[in-house]
Structure formats: structure tokens, C-alpha cells
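Commentary on secondary and tertiary structure
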Amino acid sequence: MQTPEIRIASKVVGLQHPPFIVAEMSGNHNQSLERALEIVDAAAQAGAHALKIQTYTADTMTLDLDCDEFFISDPHSLWKGKSLHRLYEEAHTPWEWHKPIFDRCRERGVIFFSTPFDESAVDFLETLDVPCYKIASFENTDLPLIRKVAATGKPLVISTGMATLIEIGETVWTSREAGCEELILLKCTSSYPASPEDSNLKTIPHMRQEFQCEVGLSDHTHGVGVAVASVALGATVIEKHLTLRRADGGVDSAFSLEPEELLSLVEETKRAWLALGKTTYGSTEAEKKSLAYRRSLYVAKDMHAGETFTRENLRAIRPGYGLPPKYQEVVLGRRATRNLKAGTPVQWDLLDF
């Protein structure tokens, strides 16, 4: 199904265009503005079209408590042993950094935007003239926040991690009712890292059909294979976390790409998109020269006029300048109309009917 194309700043998002690649900085700046700016440079160098950050403070995310459900005790969590407040304090991007980060994006020709986590963040981002907004999976049921963002009239990207079909429907209806006319849903698995087995990319075309909007992928798996595969199923936006070096640590480093991997993502998703092409059969323009190397019928031994074609003097070989091999049984038993040298391609005028 063809959905209307969406323009985000200088880029157009849609099936007729290469995938829109978003590098997510998240907390990988490790509380260093200098590192944050280096991540912008790395995203630009790798060819990412956009860089996204997150706009919140620990206090707008949760309560400063260190017990019960406010403490991460899951032994399998990347963030085990931290309170939610401490985690968000470590991961957040200071609001005074937003402008320098966005200014660096402009200098490097990279589109910039952010994920707001409460209404005050939306108001702040509006002062920075962001071209679009992203709603995180954990906020995709926060309908008051979605109404606030949708009311800006800017393109809205929503991750769908954990959401049921009904919940996504409520989110989409709320977005459109509040004024959003350009909506992109991202298939997402909200585990960190996510496994390929849990990615369920076949949901992408169903989501496109169900909600009549652009659909992409917010990918937390290792590597680029899942993202490349998503393009074949119609993903037009790919979001991946970016860090300078996983060895440097950081809240999201374990499932983030390094710059050379981001470069591979940009190149391979575009290659996958180019490979989709169209439904077609027969030789392409580039293949036409190769037709000469199909098998065809040739005289395999010198023959006299009137001599019968047999399996000894007739063979199906390369190249392809003779009759197709499917006519072999028709030719066998016919007589040659003239003397023939080995290596002569068999054509109808050489046969005595």
C-alpha cells in the first residue's frame, strides 16, 4: 500500500526513497558535552540522516526513591542495582546542551530532533524549532503527552514497543484527532538488547495496512542484520543507538552501534532498498549481454550436406547463438541442407524439412 510521503526537514520519508536513518544518542554522551558533539560528528561521518536525543530530567521521569519498584533488582537488566532516579540522572541530556548539540547537527548537515517525556519538554523543544518529534515506547500510552506533541502539527514518530493492537489504535487515533497529519510508527521490541527472534518484523506490513501510515523500525538488537531485513518488509525509517566505543561504557552502550557499524547500516539498508526494485521477469538491461552465454544447439562435428543430425554431431552448449535446447528433439533426425563445420550455431535454415 502506498502511503503519502512525509517530509522531515530536508528528507522525504516513503517507500520510494532510501530508508531514513536515525542515530539515537540517548545517554551515550556519558555526561560529557564534548563526547556528545563527537557523537554528532560520527553520525554525520557515517551518513546518518538524523540524530535524536532525549529531553527529560530525572525528576520529570520518576521519584527520587531507592526502594521497591523504584529500584532495579532484575539480575538480567543492564541497569541492575540502580534506582530509576539515579539511572535517569546518569542518562539524561542536560537541557542546556540541546542547543549546542543541535547547532553542531546543523553545521554537519544532520537533521536533529528529540523525544520529549513530559509537556515541559515539548514546550522547551518548540523554542529550538525541532522539525519533528519522537514518542518512546514507554510513553506510547501517555495520551495527554501525545496530544500535546500532535498539536504542534509536526511529523510524529512513535515507537510501538509493548503496545497491543488496541493500544496502538488509541495512540494513532489520539495523534490524528489532536492534529497530527504525518505519522510514522516504529516496530520496536522493548528489551535491551533485543533478540532477533523477538523482533517479529512481519508485523511491519500489517501495521502499515492497519494504520495507513509510514512504518519503520526502532532496533535494539546487536548488529545491522535485523534492520536490513526490515527494509525488505517496508520499513522506511531505521533508528539505532550510536556510541563512539562500546568499551567506554554508558547506560546504552551494550546495544549501540559504533561509527563503522552505523556506516554499514546506512550502506546496507540503502542496498536492500535498491534491491527491492519492482515485480519483473525476463532479462534486465544489464542482463542482455549475458543472454549470449545461455546454452544453445551447435554442430559438434563437421557435417556434409544431407547428413543426419545425431547425438554425436549435435550438442547443447554455450554460447547462445543457436536454437534453444528445447528444440533438440526436433533437430535430431533432420538432414543438413549444406556442409557444416563444427562450431556452427544451428538455425532453422540449416534443416531439411
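Our structure's up above, just so we're on the same page.
To keep things clear, this report deals only with the structure shown in the data block. Bear in mind the structure is a predicted one, so any value in this text is a computation, not a measurement. (Residues numbered from 1 in each chain as written. Predicted model: local features only at pLDDT ≥ 70, side-chain atom pairs only at ≥ 80, totals over all residues. Heavy atoms only, no water.)

On to the nonpolar core. Of all hydrophobic cores here, the largest spans 59 residues; its most connected members are Leu51, Ile101, Leu156, Leu185 and Leu262. With eight residues, the top contributor of residues to this core is helix α1 (residues 33-46). The contacts of Ile101, once residues within four sequence positions are left out, are Met25, Leu33, Ala36, Leu37, Val40, Leu51, Ile53 and Thr93. (Core = buried A, V, L, I, M, F, W, Y, C linked by side-chain atoms within 4.5 Å. Buried < 20%, exposed > 50% of the residue type's maximum accessible area, 1.4 Å probe, protein only. Helix = DSSP H or I, 4+ residues; strand = E, 2+ residues; numbered from the N terminus. Contact = heavy atoms within 4.5 Å.)

Counted under the stated rule, the structure contains 19 salt bridges. Across the salt bridge formed by Arg311 and Glu329, the nearest N and O atoms sit 3.0 Å from each other. On the criterion of sequence distance, the pair formed by Arg311 in the loop between β11 (296-299) and β12 (314-317) and Glu329 in helix α11 (residues 328-331) is long-range, its members being 18 residues apart. By sharing partners, the salt bridges in this structure join Asp41, Arg104, Glu107 and Arg108 into a single network. (Salt bridge = Lys/Arg side-chain N within 4 Å of Asp/Glu carboxyl O.)

In terms of burial, strand β10 (residues 237-241) is largely enclosed, as five of its five residues are buried. Strand direction decides the pairing type here: strand β3 (residues 20-24) and β10, joined by five bridges, are parallel. When the sheet's bridge partners are listed, Ile21 is paired in β10 with Ile238. In the sheet, strand β9 (residues 214-219) pairs with β10 via three bridges, with the strands oriented parallel. Across the sheet, the residue bridging to Ser218 is Glu239, located in β10. Tracing the backbone out of β9, into helix α9 (residues 225-232) and back to the parallel element β10 gives a crossover that is right-handed. (Pairing = 2+ DSSP bridges. Right-handed = clockwise from strand over helix to strand, strands pointing away.)

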